[in-house]
Amino acid sequence: MEQFQIPQSFIEEQNRSFIQPANRAYDVLAEDLDRRGISIGSITEKAAKFEVALPSWAVGTGGTRFAKFPGPGEPRTVEEKLADCATVHQLIRITPRVSLHIPWDKPADASRLKAFAQSLGLGFDAMNSNTFQDQPGQALSYKFGSLTHADRSVRRKAIDHNLECVEIGQKLDSKALTVWIGDGANFPGQIDFRRSLERYLESLREIVRALPDDWKLFIEYKPYEPALYATVLNDWGTAYYCASELGPKVRCLVDLGHHLPNTNIELVVARLLQCGKLGGFHFNDSKYGDDDLDAGSIKPFQLFLVFHELVMAAEESPDPRNISYMIDQSHNVTDPLESLMVSAEEIQRAYVQALLVDRKALRAHQEKNDALMALRTLKEAFRTDVTPILQRARIVRGGAIDPLLLYRASGYRDRKARERPARTEPSAGIV
Ligand code: PSV
Ligand code: MN
């Protein structure tokens, strides 16, 4: 059966009903920014160049450990996941790459998958290994750990899996491997903290040795879950220590949900930037823990402050090693494609707002210890409604002025529901 895609002519036709108010709003904002000494043209250009990668594992409905409530037209294969990602990118125009999870997305033929992705206008971002779950029939279990397991043969299996991810990634033209492990303990005394970390480094050394020259490895930390008493890679300090020990190809990955409540994440970002060890992000939002909610839905000011650190650091010393931006969310109650479009836009919004900060004024207020004026300077940028810039950035690239409304009007989900008959077996699991 032919797979439905939204015709480009439909986007153009829909955009016609939004173009006049969008243009008017852009002109009003241009005047306002001009008064503030900011050229809207150069900000729009930067906004149009912004990119964030989509997670293959988030185009299907997610769930909690209690239940999952799948929606109609869920993608069943990696090809269908890519088709959904292509639709998001078609409308939003800032998500040209997909981050794959192995073995969830293990391709039967990697070169064919690469060609298929290219035909959809997509490429690949970081590969993700999975040693936090056993696969059907797996003899050596990860129940008590993987890269840090006490048993050498389990560590061997986990190392080999990561090497395989790199091998697949090379065929797909990916340039990075993200390693997140669930290793840890539920009971005091269950593991030796220092031995576990030594074993982690020993395992990682072998993986890093096999990395192609132009590849990076991202260490993703997380304070707890699935281990509920102690986690081996628990925080940015541990990740930073390991990244330093493992050399220049290894950096830290900040997943916004992977911090204890009230952690000042923008400060963590600044520290990692300063140490030259910030490699990438998994964007999402949270209220309590690793909630994997939509980026910008709970703490948009925090997201803005993170981008303020990134933009400021890039302005002070442009870093050619650049940082990978990826989304990592679980969409439990929404259409995942809608959530991904809205989230990508919120991430781009925070970036654009951060571009508007009058950093000279901010510096002057800091030097005079004028706390309120410093905050006001940040808030002035944060409060600016940059929607007209985001819309214009999409228009120039052939995207949708209002991606959410256009997606709903296109009937995409209904078409997919017919093309992809639902699976009926109940399923639990986070993603
Ligand atoms: C772990 O919670 C995590 O953030 C890692 O990035 C995993 O790869 C991803 O979620 C998917 O479960
Ligand atoms: Mn993550």
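Owing to the predicted nature of the structure, the values given are computational and were not obtained by experimental measurement. Along each chain, residue indices are assigned from 1 in the same order as the chain's sequence is written. Note on labels: chains are lettered from A, ligands numbered from 1, in written order. The predicted origin of the model limits local features to residues at a pLDDT of at least 70 and limits the giving and counting of side-chain atom pairs to 80 or more, whereas totals for whole chains, interfaces and linings rest on all residues.

Undergrad: How do you make sense of the overall build of the chain when you look at a structure like this?
TA: Across its full length, the chain carries 16 helices and twelve strands. For 431 residues, the compact-globule formula gives about 22 Å, and the C-alpha radius of gyration of the chain, at 22 Å, lands near that figure. The principal-axis extent of the C-alpha atoms belonging to the chain is close to 65 × 65 × 40 Å. Here the chain holds 431 residues, and the buried ones make up 44% of them. Pairs at least 24 residues apart make up 80% of the contacts formed inside the chain by residues separated by at least 6 positions. The numbering of helices and of strands both runs from the N terminus, where a helix is a DSSP run of H or I of at least 4 residues and a strand a run of E of at least 2. The quantity called the radius of gyration is restricted to C-alpha atoms. Its globule counterpart is 2.2 Å times the number of residues to the power 0.38. Once C-beta atoms are placed from the backbone, each residue is buried if 20 or more other C-beta atoms lie within 10 Å of its own, exposed if 12 or fewer, and partly exposed for counts between those two. Any pair of residues counts as being in contact when their C-beta atoms, constructed from backbone geometry, are within 7 Å of one another.

Undergrad: Mind showing me how you'd approach the pairing of strand β11 (residues 278–283) here?
TA: It is a general feature of regular strands that their side chains alternate between the two faces of the sheet. Burial analysis of β11 places six of its six residues in the buried class, the great majority of the element. Being paired, for any two strands, means DSSP has found at least two bridges between them. In the sheet, strand β10 (residues 250–255) pairs with β11 via four bridges, with the strands oriented parallel. Its bridge partner being in β11, C252 is matched across the sheet by L278. Both β11 and strand β12 (residues 324–327) contribute to a ladder of four bridges, which runs parallel. When the bridges of β12 are listed, G280 appears paired with S324.

Undergrad: Hey, could you run me through the sheet that holds strand β1 (residues 54–55) in this one?
TA: Read from one edge of the open sheet, three strands run β1-β2-β4, paired in parallel fashion. Two strands lie at the open edges of the sheet, namely β1 and β4 (123–124), each paired on one side alone. Direction of pairing for β1 relative to strand β2 (residues 97–99): parallel, over a ladder of two bridges. Pairing of L54 across the sheet is with V98, part of β2.

Undergrad: Looking at this structure, how should I read helix α4 (residues 78–92)?
TA: For an α-helix, 3.6 residues make a turn, and residues three or four places apart therefore share a direction. If you check α4, its first and last C-alpha atoms are 21 Å apart, about what 15 residues at 1.5 Å a residue would give, namely 21 Å. Counting buried positions along α4 gives 13 out of 15 residues, so the element sits mostly inside the fold. Downstream of α4 by one or two residues, R93 has phi in the positive range, about 65 degrees. Each residue after the first adds 1.5 Å to the expected span of a helix.

Undergrad: Can you help me understand the nonpolar core in this one?
TA: Generally speaking, nonpolar side chains in soluble globular proteins are found buried as a group. Of all hydrophobic cores here, the largest spans 108 residues; its most connected members are I219, C252 and I327. Those residues in contact with I219 that lie beyond four places of it in its chain are V179, L233, A239, C242, A243, V250, C252 and L253. Nonpolar cores are built from buried Ala, Val, Leu, Ile, Met, Phe, Trp, Tyr and Cys residues. These are joined into a set through C-beta atoms within 7 Å.

Undergrad: Would you mind going over the packing of helix α11 (residues 336–355) against helix α15 (residues 403–410) with me for this structure?
TA: Geometrically, a packed helix pair is captured by the angle between its two axes and the distance between the axes. The angle between two axes is taken between their N-to-C directions and runs from 0 to 180 degrees, where each axis is a line fitted to C-alpha atoms and a helix contributes only its stretch in contact. Relative orientation of the contacting elements α11 and α15 amounts to 160 degrees, with a least axis distance of 9 Å. What the angle tells us is that α11 and α15 run roughly antiparallel. The two elements α11 and α15 cross, and the hand of that crossing is right-handed. On α15, the residues that touch L337, E338, M341 and V342 of α11 are P403, L404 and Y407. An angle below 35 degrees is read as roughly parallel, one above 145 as roughly antiparallel, one from 65 to 115 as roughly perpendicular, and any other as oblique. Crossings are sorted by hand: turned counterclockwise from the far helix by less than a right angle, the near helix makes the crossing left-handed, and turned clockwise it makes it right-handed.

Undergrad: What is the right way to read the sheet that holds strand β3 (residues 101–102) from this model?
TA: Paired through their backbone hydrogen bonds, the strands of a sheet run either parallel or antiparallel. Reading across from one edge, β3-β5-β6-β8-β10-β11-β12 is the order of the seven strands in this open sheet, with parallel pairing throughout. In this open sheet, the two strands that pair with only one neighbour each are β3 and β12. Across the sheet, helix α6 (residues 152–172) is in contact with β3, β5 (127–129) and β6 (176–179); its angle to β5 comes to roughly 165 degrees. Contacts between helix α9 (residues 265–274) and the sheet are confined to β10 and β11, with β10 contributing the most and set at about 170 degrees to the helix.

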